[in-house]
Amino acid sequence: MSIEVKNLRHIYDKGLPTEQVALDDVSFTIDDGKLVGIIGHTGSGKSTLLQHLNGLLKADSGNILIDGVDITDKDVTMLEIRKKIGLVFQYPEYQLFEETVEKDVAFGPKNLGLDEEEIAERVKEALTLVGLDYEKVKDKSPFDLSGGQKRRVAIAGVVAMRPRVLILDEPTAGLDPKSHQDILQMVKHIHATFGNIVIFVSHNMDDIANLSDQILVISDGKKIMDGTPLEVFGKRDELKAMGLSVPRVTELMARLKEKGLDVDQDILDISKAEEEIVRVLK
């Protein structure tokens, strides 16, 4: 499984006075098994891009190849594509609707036409992967759960379809610190279990740095950067010029360098930063 985006362009309200170019000549490649973070200021085109990868939006021009299949081709059956690609919207808990957790998570697998035994297996697997005890939550109403638990159930509903590509639009938005960290660990666990492509959007640069193999930077509908966390966050001044921040460790090491300390700035891990500061001070 791989994703190749070529010269993607999308225009909202085409031909009207409110016409807006949301994506402009965007190209990139994501290899199998990669965990990819997407960053950009509000309105940069991130969510529009995600919805193209799932086929919810159609491009005005350009191509999107998923596992070699061009999903922009009008003859492609999107049902088959969506079996491979799971998209979790921001605040997915608002889309919960069934009377029990088990029924809600089972909804997607049922639509795949799986038999009852396979559905039950997938529901148990998905709830376990998102860190919930199947026996404890299966008969509960999803609306009786905490905010963090509701979000896990909503994500489990997508995970139960075993997508080859899992897309998460700001999966930690609005959560308390503990739930925030729990969701991050959950994303790591799902990725390690399936070895699938995981794509996620976040405004938290520490999360992006800690989770990602590859980072895409989108600004005003254009892809500005594409690289590893060290490569992208090494361009601190360019990111700040776009109104974006950098991880706290990156900012700390840059400021120490500006103060005259000869520290290595290619560090994203707090423990390694601590070691480097101790080394320099000695």
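The structure this text deals with has already been given above.
Residues numbered from 1 in each chain as written. Predicted model: local features only at pLDDT ≥ 70, side-chain atom pairs only at ≥ 80, totals over all residues. Heavy atoms only, no water.

## Examining the overall build of the chain
Thinking step 1. Scanning the chain from terminus to terminus reveals twelve helices and ten strands.
Thinking step 2. Its C-alpha radius of gyration of 20 Å places the chain within 12% of the 19 Å reference for a compact globule of 282 residues.
Thinking step 3. Counting over 282 residues, the chain shows a buried share of 48%.
Thinking step 4. When contacts within the chain are restricted to residue pairs at least 6 apart in sequence, those whose partners lie at least 24 apart make up 62%.
Thinking step 5. As presented, the chain carries roughly 13900 Å² of accessible surface, and 47% of it is formed by carbon and sulfur atoms.
Thinking step 6. Across the chain, the centroid of the 36 positively charged side chains sits 2 Å from that of the 49 negatively charged ones. (Helix = DSSP H or I, 4+ residues; strand = E, 2+ residues; numbered from the N terminus. Rg over C-alpha atoms; globule rule 2.2 N^0.38 Å. Buried < 20%, exposed > 50% of the residue type's maximum accessible area, 1.4 Å probe, protein only. Contact = heavy atoms within 4.5 Å. Areas by Shrake-Rupley, 256 points an atom, 1.4 Å probe, with all protein chains shown as cover. Lys, Arg positive; Asp, Glu negative; His and termini not counted. Charge placed at Lys NZ, Arg CZ, Asp CG, Glu CD.)

## Description of helix α11 (residues 248-258)
Thinking step 1. Those residues of α11 that sit buried are V249, T250, E251, M253, A254 and L256.
Thinking step 2. Backbone geometry just after α11 places G260 at a positive phi near 105°.

## Quick look at the environment of R82
Thinking step 1. Here R82 lies in helix α2 (residues 78-84).
Thinking step 2. Apart from residues lying up to four places away in sequence, R82 is in contact with N54, G55 and L56.

## Description of the sheet that holds strand β7 (residues 165-169)
Thinking step 1. In spatial order, the strands read β6-β7-β8-β3-β9-β10; together these six strands make up an open sheet with mixed pairing. Every other strand in the sheet has two partners, leaving β6 (85-88) and β10 (222-227) as the edge strands with one partner each. Across the sheet, the axes of successive neighbouring strands diverge by a mean angle of 15°, strand direction being ignored.
Thinking step 2. Contacting β6 and β7, helix α6 (residues 147-159) crosses the sheet at an angle of about 165° to β6. (Pairing = 2+ DSSP bridges. Axes fitted to C-alpha atoms, helices over the stretch in contact; angles between N-to-C directions.)

## A word on the pattern of salt bridges
Thinking step 1. In the structure shown here, the tally under the stated rule is 23 salt bridges.
Thinking step 2. Residues D237 and R236 are paired through a salt bridge, measuring 3.9 Å at the closest nitrogen-oxygen approach.
Thinking step 3. For D237, a relative accessible area of 58% translates into the label exposed.
Thinking step 4. Take R236: its relative accessible area is 13%, and that puts it in the buried class.
Thinking step 5. Via salt bridges that share partners, R236, D237, K240, E251, R255 and E258 belong to a single interconnected network. (Salt bridge = Lys/Arg side-chain N within 4 Å of Asp/Glu carboxyl O.)

## Some words on the packing of α11 against helix α12 (residues 270-281)
Thinking step 1. Put simply, α11 and α12 touch, their axes get as near as 10 Å, and they point 15° apart. By the angle between their directions, the pair α11 and α12 is classed as roughly parallel. The handedness of the crossing between α11 and α12 comes out as left-handed. Within the contact between the two elements, α11 uses V249, L252, M253 and L256 and α12 uses I270, A273, E276 and I277.
Thinking step 2. Its residues assigned to classes, the contact of α11 with α12 shows seven nonpolar, no polar and one charged. (Parallel < 35°, antiparallel > 145°, perpendicular 65-115°, else oblique. Left-handed = near helix turned anticlockwise from the far one by under 90°. Nonpolar A, V, L, I, M, F, W, Y, C, P; charged D, E, K, R; others polar.)

## Digging into the side chain of K138
Thinking step 1. Considering the arrangement of structural elements, one finds K138 in the loop between α5 (134-137) and α6.
Thinking step 2. Exposure remark for K138: the relative accessible area of 16% places this residue in the buried category.
Thinking step 3. In this structure the side chain of K138 is engaged in a polar contact, spanning 3.0 Å, whose partner is the side chain of D139.
Thinking step 4. Apart from residues no more than four positions distant in its own chain, K138 is found in contact with T100, V101 and E102. (Polar contact = N/O pair within 3.5 Å; in protein donor to acceptor, adjacent residues only side chain to side chain.)

## Notes on unusual backbone geometry
Thinking step 1. Phi at D25 is positive, roughly 55°, even though this residue is not glycine.
Thinking step 2. You can see D25 is positioned in strand β2 (residues 20-30).
Thinking step 3. Under the relative-accessibility criterion, D25 is labelled partly exposed at 47%.

## Side note on the packing of aromatic side chains
Thinking step 1. All chains considered together, the criterion is met by two aromatic pairs.
Thinking step 2. Each ring, one from Y91 and one from Y94, has its centre 5.7 Å from the other, and the planes form 15°; the classification is stacked.
Thinking step 3. Where F97 meets F107, the ring centres are 5.1 Å apart and the plane angle is 90°; that geometry is what we call edge-to-face. With F97 in the loop between β6 and α3 (101-111) and F107 in helix α3, this pair connects stretches of sequence that are ten residues apart.
Thinking step 4. Judged by relative accessible area, which is 47%, F97 ranks as partly exposed. (Phe/Tyr/Trp six-rings, centres within 6.5 Å; stacked < 30°, edge-to-face > 60°.)

## Side note on the packing of α3 against helix α4 (residues 116-129)
Thinking step 1. Running from amino to carboxyl end, α3 crosses α4 at an angle of 120°, the nearest separation of the two axes being 9 Å. Considered as vectors, α3 and α4 are oriented oblique to each other. In the packing of α3 onto α4, the handedness of the crossing is right-handed. Touching V101, E102, V105, A106, P109 and K110 of α3 are E116, I119, V123, A126 and L127, all from α4.
Thinking step 2. Partitioned by chemical class, the residues of the contact of α3 with α4 number eight nonpolar, no polar and three charged.

## Description of helix α1 (residues 46-53)
Thinking step 1. Within α1, six of the eight residues are buried, which leaves it mostly tucked inside the rest of the structure.
Thinking step 2. Burial in α1 covers these residues: K46, T48, L49, L50, H52 and L53.
Thinking step 3. Phi for G55, located one or two positions after α1, is positive at around 80°.

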